[in-house]
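# Structural characterization, general
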Amino acid sequence: MSQVERSQPGRPQAEQVTPPKSAGRRPRNPLGAPGLLGSEITTLLRRHRTYALLAVLAAVPVLIGIAVRIETGGGGGGGEGGPDGGAGPAFLAQVTNNGFFLVFAALAATLPVFLPMAVGVVAGDAIAGEASSGTLRYLLVAPAGRTRLLLVKYASVLVFCLIATLVVAVSALAVGALLFPVGDVTTISGTRIGFGEGLVRAALTALVVAVSLAGFAAIGLFVSTLTGSGIGAMAATVGLLITVQILDSIPQLSGVHPYLFAHYWMSFADVLREPVHWDDLSKNFQLQGLYVAVFGAAAWARFTAKDITA
């Protein structure tokens, strides 16, 4: 009689020596092991390039706030209405009356170029950077898989979109509170809301801006699957951004403007209306979803059929 049988005589032998077939196995996750996504985000946030990008984004609200402070001497030079009466970025005329508006002014200043450029660098380097450094083959070792790795890469870029947007918003809120008075918020519609509700609107605005970058992130990921050069993918993605921004500013091309991924980016201002206007916001979300679907599928088709040699 075995030692197991002597120690537990009342239990059937099969129950004692035959472990369940599922023992020791982890449930499969559509993004791979949860640690894969966490590791990817951690690696991204530890890169010096990421620190530099976030530092530049955080510096933009500081520069805007200091410039407005010097220009106005801290006085209430702007009106209490919406952004239409002020020059420069939207909401800039209201910053001197309420530093809270620096959040919206900073997002309006960074969204056309700085934020998407940072996202373009990260998205363009997602796959091509691994290929150029010779680590892509090792990331594809089972049980990772190409589809799972691609999803993890895109998820990490989306996380960066949110982090980058929050960095701009938090930096602007801190600088606005330090340099200007803060209090109740006058919406674009002319109504007043409390500062607490204003913070909720600011957080919602940051989320809208992050979602607005999802389509461009999918484009950058697709470009990243086309080449083995990280620098080339980043340059191509940023170049595409500049091209689209130029096309969106040409009145003669107004017929194609609604189909450009950047056309509805500034619709985040509708969050500060009372009530919130959802027309352009909905169009923006639908357009970003279309770009994610099209270029996400293109990236998957290219990456799963690509010959990985590095």
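These notes cover the structure that comes with them. (Residues numbered from 1 in each chain as written. Predicted model: local features only at pLDDT ≥ 70, side-chain atom pairs only at ≥ 80, totals over all residues. Heavy atoms only, no water.)

Moving on: the environment of Tyr-291. As for its position among the elements, Tyr-291 is in helix α12 (residues 279–305). Sequence spacing of Tyr-291 and Tyr-259 is 32 residues, and the spatial spacing of their C-alpha atoms is 9.6 Å. If we ignore the near neighbours within four places in the chain, the residues touching Tyr-291 are Gly-215, Ala-218, Ile-219, Tyr-259, Leu-260, Phe-261 and Gly-296. A polar side-chain atom of Tyr-291 sits 2.5 Å from the main-chain carbonyl oxygen of Tyr-259. (Helix = DSSP H or I, 4+ residues; strand = E, 2+ residues; numbered from the N terminus. Contact = heavy atoms within 4.5 Å. Polar contact = N/O pair within 3.5 Å; in protein donor to acceptor, adjacent residues only side chain to side chain.)

In a pair of packed helices, the angle between the axes and the distance between the axes together describe the arrangement. At a minimum axis separation of 8 Å, helix α8 (residues 146–179) and helix α9 (residues 195–212) run at an interaxial angle of 145°. Where α8 crosses over α9, the two elements pack in a sense that is right-handed. Facing α8, whose interface residues are Cys-161, Leu-162, Thr-165, Leu-166, Ala-169 and Leu-173, α9 presents Leu-199, Ala-206, Leu-207, Val-209 and Ala-210. Across the contact of α8 with α9, the residue classes break down as 10 nonpolar, 1 polar and no charged. (Axes fitted to C-alpha atoms, helices over the stretch in contact; angles between N-to-C directions. Left-handed = near helix turned anticlockwise from the far one by under 90°. Nonpolar A, V, L, I, M, F, W, Y, C, P; charged D, E, K, R; others polar.)

Tracing the backbone through its elements, the reader meets Asn-98 in the loop between α4 (48–72) and α5 (102–110). One polar contact links the side chain of Asn-98 to the main-chain carbonyl oxygen of Asp-184, over a distance of 2.9 Å. For Asn-98, the residues in contact, after removing those within four places along its chain, are Pro-181, Val-182, Gly-183, Asp-184 and Val-185.

With that out of the way, let us pick up the packing of aromatic side chains. Under the definition given, this model contains 9 aromatic pairs. Taken together, a centroid distance of 5.4 Å and an interplanar angle of 25° make the contact between Phe-216 and Phe-261 stacked. Separated by 45 residues along the polypeptide, Phe-216 in helix α10 (residues 214–226) and Phe-261 in the loop between α11 (230–248) and α12 bring together distant segments of the chain. The burial state of Phe-216 is the same as that of Phe-261; both residues are buried. Ring pairing ties together the aromatic residues Phe-216, Phe-222, Phe-261, Trp-265, Tyr-291 and Phe-295, which thus form one cluster. (Phe/Tyr/Trp six-rings, centres within 6.5 Å; stacked < 30°, edge-to-face > 60°. Buried < 20%, exposed > 50% of the residue type's maximum accessible area, 1.4 Å probe, protein only.)

Okay, the environment of Gly-228 next. For Gly-228, the position within the fold is in the loop between α10 and α11. Using a relative accessible area of 39% as the deciding quantity, one classes Gly-228 as partly exposed. C-alpha of Gly-228 to C-alpha of Gly-129: the two residues are 99 residues apart in sequence and 7.2 Å apart in space. Residues in contact with Gly-228, not counting those within four places in the same chain, are Ala-128, Ala-131 and Ser-132.

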